[in-house]
Amino acid sequence: MKLLLYEPRVQWISAVFLALIAGYLDGYGLLVLGTYVSFMSGNTTFAGLKSGQGNFQAALPSAIAVLSFVTGSFLGNLLSQSRLRYSRRLIFGVIAGLLATVAGLERHGLWNAPAAIALLSLAMGMMNPALSNVGAESVSLTFVTGTLNRIGGNLAAAAGRKPLSEGQGPGDSHLARARIDASVWSGFLVGAGLSGMAGSHFRMWALLPPCAAMIALGLFSECATPSPEKRILSSISGVHQRSVVR
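Residues numbered from 1 in each chain as written. Predicted model: local features only at pLDDT ≥ 70, side-chain atom pairs only at ≥ 80, totals over all residues. Heavy atoms only, no water.

## Re the packing of aromatic side chains
No. 1: Tallying each qualifying case throughout the model produces one aromatic pair.
No. 2: Pairing tyrosine 36 with phenylalanine 39 gives two aromatic rings, centres 4.9 Å apart and planes at 90°, and the pair type is edge-to-face.
No. 3: In this structure tyrosine 36 comes out as partly exposed when scored by relative accessible area, which is 26%.
No. 4: By relative accessible area, phenylalanine 39 is classed as partly exposed at 30%. (Phe/Tyr/Trp six-rings, centres within 6.5 Å; stacked < 30°, edge-to-face > 60°. Buried < 20%, exposed > 50% of the residue type's maximum accessible area, 1.4 Å probe, protein only.)

## Concerning the environment of alanine 65
No. 1: Turning to its location among the elements, alanine 65 is positioned in helix H3 (residues 56-80).
No. 2: On the basis of relative accessible area, alanine 65 is assigned to the buried category, the value being 0%.
No. 3: The sequence separation of alanine 65 and leucine 122 amounts to 57 residues, and the corresponding C-alpha distance is 7.9 Å.
No. 4: Residues in contact with alanine 65, not counting those within four places in the same chain, are Thr35, Tyr36, Met40, Asn43, Ile117 and Ser121. (Helix = DSSP H or I, 4+ residues; strand = E, 2+ residues; numbered from the N terminus. Contact = heavy atoms within 4.5 Å.)

## Re helix H2 (residues 40-52)
No. 1: When the terminal C-alpha atoms of H2 are compared, their 18 Å separation across 13 residues agrees well with the 18 Å that a helix rising 1.5 Å per residue should span.
No. 2: Taken together, the buried positions of H2 are Met40, Gly42, Asn43, Ala47 and Lys50. Looking straight down H2, one finds that the buried residues subtend no more than 150° of arc, so they occupy a single side. Along H2, exposed side chains directed more than 90 degrees from the buried face belong to Thr45 and Gly52.
No. 3: Of the surrounding secondary structure, the elements contacted by the buried residues of H2 are H3 and helix H5 (113-130).
No. 4: Count one or two residues on from H2 and you reach glycine 54, which has phi positive near 80°. (Expected span 1.5 Å × (residues − 1). Arc of directions from axis to C-beta.)

## Remarks on the confidence of the model for the protein
No. 1: The pLDDT averaged across the protein works out to 83; a share of 85% of its residues lies at or above 70.
No. 2: Every residue in residues 223-246 scores below 50 in pLDDT, and together they form 17 contacts with partners more than four places removed in sequence or on other chains. (pLDDT = per-residue confidence, 0-100.)

## Observations concerning a nonpolar patch on the surface
No. 1: On the surface, a cluster of nonpolar side chains totalling about 380 Å² of accessible area is made up of Phe202, Met204, Trp205 and Leu208.
No. 2: Position of phenylalanine 202 among the secondary structure elements: in the loop between helix H7 (174-201) and helix H8 (208-220).
No. 3: The exposure class assigned to phenylalanine 202 is partly exposed, which follows from its relative accessible area of 40%. (Patch = residues over 30% accessible without salt bridge, like charges linked within 9 Å, V, L, I, M, F, W, Y side chains within 5 Å. Areas by Shrake-Rupley, 256 points an atom, 1.4 Å probe, with all protein chains shown as cover. Salt bridge = Lys/Arg side-chain N within 4 Å of Asp/Glu carboxyl O.)

## Observations regarding the packing of helix H6 (residues 145-159) against H7
Angle between the axes and distance between the axes: these two values describe a pair of packed helices.
No. 1: In the contact formed by H6 and H7, the axes pass within 8 Å of each other and the chain directions differ by 160°. Between H6 and H7, the interaxial angle falls into the category roughly antiparallel. Considering how the two elements wind past one another, H6 and H7 form a crossing that is left-handed. Residues Thr147, Leu148, Arg150, Ile151, Asn154, Leu155, Ala157 and Ala158 of H6 form the contact with H7, whose own contacting residues are His174, Leu175, Arg177, Ala178, Asp181, Ala182 and Trp185. (Axes fitted to C-alpha atoms, helices over the stretch in contact; angles between N-to-C directions. Parallel < 35°, antiparallel > 145°, perpendicular 65-115°, else oblique. Left-handed = near helix turned anticlockwise from the far one by under 90°.)

## Regarding the environment of glycine 125
No. 1: With respect to the secondary-structure elements, glycine 125 resides in helix H5.
No. 2: Overall, the relative accessible area of 1% leaves glycine 125 in the buried class.
No. 3: Leave out the neighbours within four places in its chain, and glycine 125 touches Phe69, Gly72 and Ser73.

## So, H5
No. 1: With 18 residues, H5 extends 26 Å from end C-alpha to end C-alpha; this agrees with the ideal 26 Å at 1.5 Å per step.
No. 2: Extensive coverage of H5 is indicated by the burial of 14 of its 18 residues.
No. 3: The N-cap residue of H5 is asparagine 112: its side-chain oxygen and the backbone nitrogen of alanine 115 are 3.0 Å apart. (Polar contact = N/O pair within 3.5 Å; in protein donor to acceptor, adjacent residues only side chain to side chain.)

## Some details on the pattern of salt bridges
No. 1: Across all of its chains, the model carries one salt bridge by this definition.
No. 2: Arginine 150 is the partner of aspartate 181 in a salt bridge, and the nearest nitrogen-oxygen pair spans 3.5 Å. Here arginine 150 lies in helix H6 and aspartate 181 lies in helix H7, a separation of 31 residues in the sequence. Considered together, aspartate 181 and arginine 150 belong to a single accessibility category, that of buried residues.

## What to know about the nonpolar core
No. 1: Counting residues in each nonpolar core, the largest one holds 47 residues, and the members touching the most others are Leu18, Leu25, Ile95, Met124, Met127 and Met214.
No. 2: Apart from residues lying up to four places away in sequence, leucine 25 is in contact with Val37, Leu99, Met124, Leu207 and Pro210. (Core = buried A, V, L, I, M, F, W, Y, C linked by side-chain atoms within 4.5 Å.)

## Examining unusual backbone geometry
No. 1: Located in the positive-phi region is arginine 161, a residue other than glycine, with phi close to 55°.
No. 2: Inspection of the secondary structure puts arginine 161 in the loop between H6 and H7.

## Structural notes on the packing of helix H1 (residues 8-33) against H5
No. 1: For the pair H1 and H5, the least separation of the axes is 11 Å and the interaxial angle reads 165°. Taken together, the axes of H1 and H5 are roughly antiparallel relative to one another. Here H1 runs over H5; the crossing is left-handed. In this structure, H1 contributes Leu18, Ile21, Ala22, Leu25, Tyr28 and Leu33 to the contact, and H5 contributes Ala113, Ala116, Ile117, Leu120, Met124 and Met127.
No. 2: Of the residues assigned to the contact of H1 with H5, the class counts are 12 nonpolar, no polar and no charged. (Nonpolar A, V, L, I, M, F, W, Y, C, P; charged D, E, K, R; others polar.)

In structure tokens, the structure reads:
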């Protein structure tokens, strides 16, 4: 059964699931490598701090993570904006391959921390462009500062009864969008917690669950960008729903 990632409800579930994986991998990076692989604000601060102290060796892992994340973001956006019908499948497949590579290096005693940081940060950079919206609400899968900011903004708009621009139907509201962001944040938090448990008890196999999850997404998810025909049908359906409500 295919997962139609352009459907809002499935987008929501997928966003929470991907945020959980991102939190898991960020927790793994911090626990095992001593470096965030998706929290680039922390890495930027740390790299700047250590550079200012003249300790460039300590700043290097964070700098590698930042450069690799930007590279991954570039590649992910390049693929997601391409004309390839199954670009998201390809993104998920590449991420799975990167995770499998890191797991394989550790399994065969070829562990190299800078290489692992680079590969995991590259994977995290590619993940965010794979799913950037749930309906009309922007989502961040691999970092939570923007997510928390949107939660506060949506709650403030709901409290002030600010009209919702570009509503997506009767179920769409500022509170509904705050719930989406809160659930994505919760997914990231739960993922980090699971990483703490997995990394502490079976580190050698800790990367296998997220790797298997990305393989499953690559195999069973459809392109997140619908075909022109599906866009037209979706638009007609949306117009019909709004006319019924009125």
